[in-house]
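The residues making up each chain are set out below.
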Amino acid sequence: MNKWISGKIIQNKKWTESLFSIIVQAPINAFLSGQFTKLAMIDIHGKKIQRAYSYVNASHNTNLEFYITLVQTGLLTNYLYKKKINDSIIINQNSFGFFTINEIQHCEILWMIATGTGIGPYLSILQEEKWIHKFYKIVLIHSVRYKHDLIYLPVIHKLQKKYKNRIILETIVTRDTSKQFLHDRIPTLINNHTLEKKIKLDINIHTSHVMLCGNPNMIKETQFLLQEKRHLTKNLRKKPGHITTENYW
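Computed from a prediction, not measured in an experiment: that's the story for all the values here.

Moving on: the packing of aromatic side chains. A complete count under the given rule lists eight aromatic pairs for this structure. Relative to Tyr152, the ring of Tyr67 lies with its centre 4.9 Å away and its plane at 75 degrees, an arrangement referred to as edge-to-face. With Tyr67 in strand β5 (residues 64–69) and Tyr152 in the loop between β8 (135–144) and α3 (153–162), this pair connects stretches of sequence that are 85 residues apart. Each member of the aromatic cluster is reached from another via a ring pair, and the members are Trp15, Tyr67 and Tyr152. Across from the ring centre of Tyr81, 4.8 Å away, lies the NZ or CZ of Lys14, which sits over that ring. When the ring centre of Phe96 is taken as reference, the NZ or CZ atom of Lys38 above it lies at 5.1 Å.

Right, here's the structure in full:
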């Protein structure tokens, strides 16, 4: 049941010209880290315009954080971008989705692969300390266009320190020439083994579960590659596999 309630903006962080995070307080129902909810506005015709956004915060944190890309032609993102502290916002009381750790079986290495704001649900999941020992290693891959788009690096570095380097981070910057980063597309870096050689771990059916979040094209291509060349299978409730996905538009 979609029950809409009113929330309050307590912070609006404008990171770049196109990336921002809003923090909301609202009496929502309990959610699982990795899930999403829906934010909405009422347009001039009285129509509700809604979009799904994943939580960045862990489920125990009552400050609800959402990491958003400003779409110049998008009514809702422009509306959210202009929100100020103490402004009201419409939010769904319930949360949705199966991009959660309880849907994944124990394995040696959990690969979390994201593009852009798709890093959001991983940050939510990684801040849930209760399940971190379920995996021997967690490999977090984040691909962005420019170095300044790596907004949440300080949060990730704190998590690495907290979990004593159980988290391996690899950042990809596709429009930057710095030797500090890898620069190619994720499917290409997996197909030519560049990514795995740098991390010194392999994606395979014996040790790995791969989570994919963000650009639908990246997800489609990477999933196909892993299925065809690595023999990984889609993770289903009735038939557990190796690949769990979440499209971001």
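The rest of the description comes next.
This next bit is on the pairing of strand β3 (residues 36–42). Within β3, five of the seven residues are buried, which leaves it mostly tucked inside the rest of the structure. Relative to strand β4 (residues 48–54), β3 is paired through seven bridges, and the arrangement is antiparallel. Note that in β4 the partner of Phe36 across the bridge is Ser54. In this structure, the hairpin formed by β3 and β4 is closed by a connection of five residues, where Gly46 is found at a positive phi of approximately 80 degrees. Pairing analysis gives two bridges linking β3 to strand β6 (residues 88–92), with the strands arranged antiparallel. Bridge pairing links Ala40 to Ile90 in β6.

Over its 14 residues, helix α6 (residues 216–229) extends 20 Å from the first C-alpha to the last, a length consistent with the 20 Å expected when each residue adds 1.5 Å. Looking only at α6, the buried set comprises Pro216, Met218, Ile219, Thr222, Gln223, Leu225 and Leu226. On its buried side, α6 packs onto β7 (107–115), α4 (186–191), β10 (208–214) and β11 (243–247). Where α6 begins, one side-chain oxygen reaches toward the backbone nitrogen of Asn217, 2.7 Å away; that side chain belongs to Asn215.

About the cut-offs
Residues numbered from 1 in each chain as written. Predicted model: local features only at pLDDT ≥ 70, side-chain atom pairs only at ≥ 80, totals over all residues. Heavy atoms only, no water. Phe/Tyr/Trp six-rings, centres within 6.5 Å; stacked < 30°, edge-to-face > 60°. Helix = DSSP H or I, 4+ residues; strand = E, 2+ residues; numbered from the N terminus. Lys NZ or Arg CZ within 6 Å of the ring centre and 35° of its normal. Buried < 20%, exposed > 50% of the residue type's maximum accessible area, 1.4 Å probe, protein only. Pairing = 2+ DSSP bridges. Expected span 1.5 Å × (residues − 1). Contact = heavy atoms within 4.5 Å. Polar contact = N/O pair within 3.5 Å; in protein donor to acceptor, adjacent residues only side chain to side chain.

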